[in-house]
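Here are the chains, one letter per residue:
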Amino acid sequence: MGISPERLDLTEEEVKVMDTDPLVSRVSSYSTATNNQRRRKISGKAAAAAAAAPPLRRQSFGRDIGHAAAETYLVTWLAFKLLRYLGVGYRWMTRLFALCFYAMLLMPGFLQVGYYYFFSRQVRRSIVYGHQPRNRLDLYLPKNIDSPKPVVAFVTGGAWIIGYKAWGSLLGQQLAERDIIVACIDYRNFPQGTISDMVEDASQGISFVCNNIDEYGGDPNRIYLMGQSAGAHISACVLLEQAKKESAGEKCSWSVSQIKAYFGLSGGYNLLNLVDHFHGRGLYRSIFLSIMEGEQSLQQFSPEILIQEPLIRSSVSTLPRIILFHGTADISIPSDSSKAFVEALQKVGAEAELILYDGKTHTDLFLQDPLRGGKDELFDHIVAFIHADDKEALAKDAMAPPRRRLVPEFLIKLARHVSPF
């Protein structure tokens, strides 16, 4: 179903709601109400018991509940607004039902990962990195930080619409088990923001990691940038935009030289070649163009085209090593997208390579394979690259036990068959 651009205009009231950070206000009101109630009720032995309780843990739990409630409200509000934009197109509805069924089949694994996400002491949730809504990131820390650890700044996917920092929790957990810190960066999604907002948020999140990760045991000299699907596109835009700013002599809060390597997983890097493909997959042209701020902006946010701009070409030597991963059976974003981007990078002298996985789909590499447990080619590639100069870490990796299975094989195969991606 086509959607006119006029339907995407926001009222003044809606803009005010979207520009207000609900997380701060709701947590604040939650904390105030709770504290007032406690002052009225606590006395005598109850006061002594309250004093004996660990205050930090109690406050942390209250803050987490407030964050969860506020984010649930925000996501629900945005979902209803998005439904109004999308209408009831047949393709979109079938994709939605397939997504729900897909999630139900993999729920045994999702529940285990969710338990780790909410209850593990190794996870630092919702660290604020900026002043906009959803300017938060999650940190996944190794059990023992006896020395500075390498860091992966990860930008999640989600078709620029349903991305969320918790989508990286499985990757964060598994890399943390190999002594690698992972920072999963959240960002505004459409319709709360458009592509320039997403790029700005991701850049600010990367800046926070570069300037503050040492406080959490990370090594600021070993930071790797990674993105998956839409997150791969956004993070590639951030990387090239940052190189462009530095080449123009602009003052920046972080530098491309601080990134040791870029990992792009199943990304799309030339939007002009993907508009019709996405339309056929259910991400309608009118919606996609609204996300990307109009047809005139497609080139501006296409890394494959951006790399050919004079300012960026002149700063190619400052770019980190770029490694793209893609499955040959990916129908959401064909692997030709990564092939063309690597060729464009190599043509201007950038150090880039492509690793293809035969027969792998859009979600095999990021979800099904990790949930299956055991050996995982993508995971092994990333860990081996990060630990390449650390003999002790490589020795530990060689002795690491196989990762346990989180979902029965028959459910994984069925989920792969019904996956809308």
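It should be noted that the structure appears before, not after, this text.
As a starting point, this report considers the structure included with it. Note that this is a predicted model, so its numbers are computed, not measured.

This brings us to the overall build of the protein chain. Secondary structure summary: the protein chain contains 18 helices and 8 strands in total. Pairs at least 24 residues apart make up 78% of the contacts formed inside the protein chain by residues separated by at least 6 positions. Just so you have it, the protein chain exposes about 19,700 Å², and 57% of that area is on carbon and sulfur atoms.

So, about the layout of surface pockets. Estimated volume of the second largest pocket: approximately 480 Å³. Lys143, Gln173, Gln174, Ala176 and Glu177 are the residues nearest the centre of the second largest pocket, which is lined by 22 residues in total. Of all elements in the fold, only helix H6 (107-119) and helix H7 (169-176) reach the threshold of two or more residues within the lining of the second largest pocket. When grouped by side-chain class, the residues that make up the lining of the second largest pocket number 11 nonpolar, 5 polar and 6 charged.

Before going further, it helps to spend a moment on helix H9 (residues 230-247). Taking 1.5 Å per residue as the helical rise, H9 with its 18 residues ought to reach 26 Å, and the 26 Å between its terminal C-alpha atoms agrees with that figure. The buried count for H9 comes to 13 of 18 residues, which makes it a mostly enclosed element. Phi turns positive one or two residues past the end of H9, at Gly249, with a value near 85°.

This part covers the pattern of salt bridges. A full pass over the atoms with the stated rule returns 22 salt bridges. A salt bridge links Asp197 to Arg188, with the shortest nitrogen-to-oxygen separation between them at 3.9 Å. Under the relative-accessibility criterion, Arg188 is labelled buried at 7%. Of the charged contacts, one joins Arg321 and Glu353 as a salt bridge, the two residues approaching to 2.3 Å between their closest N and O atoms. Highlighted residues: Arg321 in strand S7 (residues 321-327) and Glu353 in strand S8 (residues 352-357), separated in sequence by 32 residues. With relative accessibility at 26%, the residue Glu353 sits in the partly exposed group.

Take the side chain of Ser337 next. Among the secondary structure elements, Ser337 is positioned in helix H14 (residues 336-347). Within the structure, the side chain of Ser337 is placed 3.1 Å from the backbone nitrogen of Tyr269, a separation counted as a polar contact. Those residues in contact with Ser337, other than ones at most four positions away along the chain, are Gly267, Gly268, Tyr269 and Asn270.

In the structure shown here, the tally under the stated rule is 15 aromatic pairs. A ring pair is formed by Tyr269 and Phe341, whose centres lie 4.5 Å apart and whose planes are at 25°; its orientation type is stacked. Pair noted here: Tyr269 is in the loop between strand S6 (259-265) and helix H10 (275-281) and Phe341 is in helix H14, with a separation of 72 residues, a long-range link. What makes Tyr269 buried here is its relative accessible area of 0%. Members of the aromatic cluster, joined through ring pairs, are Tyr224, Phe263, Phe325, Tyr357 and Phe385. Seen from the ring of Tyr117, Arg125 lies directly overhead, with NZ or CZ sitting 5.9 Å from the centre.

This part takes up the environment of Ala393. By the element assignment, Ala393 lies in helix H17 (residues 391-399). Accessibility expressed as a relative area gives 11% for Ala393, which makes it buried. Put simply, Ala393 and Val383 are 10 residues apart on the chain and 9.5 Å apart in space, counted from C-alpha to C-alpha.

Let us look at the sheet that holds S7. On the basis of which strands lie adjacent, the open sheet formed by 8 strands has the order S1-S2-S4-S3-S5-S6-S7-S8 and mixed pairing. Two strands close off the open sheet at either side, each with one partner strand: strand S1 (123-128) and S8. If you compare each strand with its neighbour and ignore which way they point, the axes differ by 20° on average. Alignment of strand S3 (residues 149-155) against strand S5 (residues 218-228), held across 6 bridges, turns out to be parallel. Following the sheet pairing, Phe154 is matched in S5 by Met226.

This part takes up empty space enclosed by the protein. Summed over all chains, the structure comprises 2 cavities of 30 Å³ or more. Approximately 100 Å³ is the volume found for the largest cavity. Taken together, Leu170, Leu171, Gln174, Met226, Leu265, Leu365, Phe366, Pro370, Asp376, Leu378, Phe379 and Ile382 form the lining of the largest cavity. Counting only elements with at least two residues in the lining of the largest cavity, the list comes to H7, helix H15 (364-372) and helix H16 (377-386).

Reading the values: the criteria
Residues numbered from 1 in each chain as written. Predicted model: local features only at pLDDT ≥ 70, side-chain atom pairs only at ≥ 80, totals over all residues. Heavy atoms only, no water. Helix = DSSP H or I, 4+ residues; strand = E, 2+ residues; numbered from the N terminus. Contact = heavy atoms within 4.5 Å. Areas by Shrake-Rupley, 256 points an atom, 1.4 Å probe, with all protein chains shown as cover. 1 Å grid on protein atoms, 1.4 Å probe; cavity = no way out; pocket = protein on both sides within 12 Å on 5 of 7 lines; lining within 4 Å. Points joined across faces, edges and corners; volume = space filled by probe spheres on them. Nonpolar A, V, L, I, M, F, W, Y, C, P; charged D, E, K, R; others polar. Expected span 1.5 Å × (residues − 1). Buried < 20%, exposed > 50% of the residue type's maximum accessible area, 1.4 Å probe, protein only. Salt bridge = Lys/Arg side-chain N within 4 Å of Asp/Glu carboxyl O. Polar contact = N/O pair within 3.5 Å; in protein donor to acceptor, adjacent residues only side chain to side chain. Phe/Tyr/Trp six-rings, centres within 6.5 Å; stacked < 30°, edge-to-face > 60°. Lys NZ or Arg CZ within 6 Å of the ring centre and 35° of its normal. Pairing = 2+ DSSP bridges. Axes fitted to C-alpha atoms, helices over the stretch in contact; angles between N-to-C directions.

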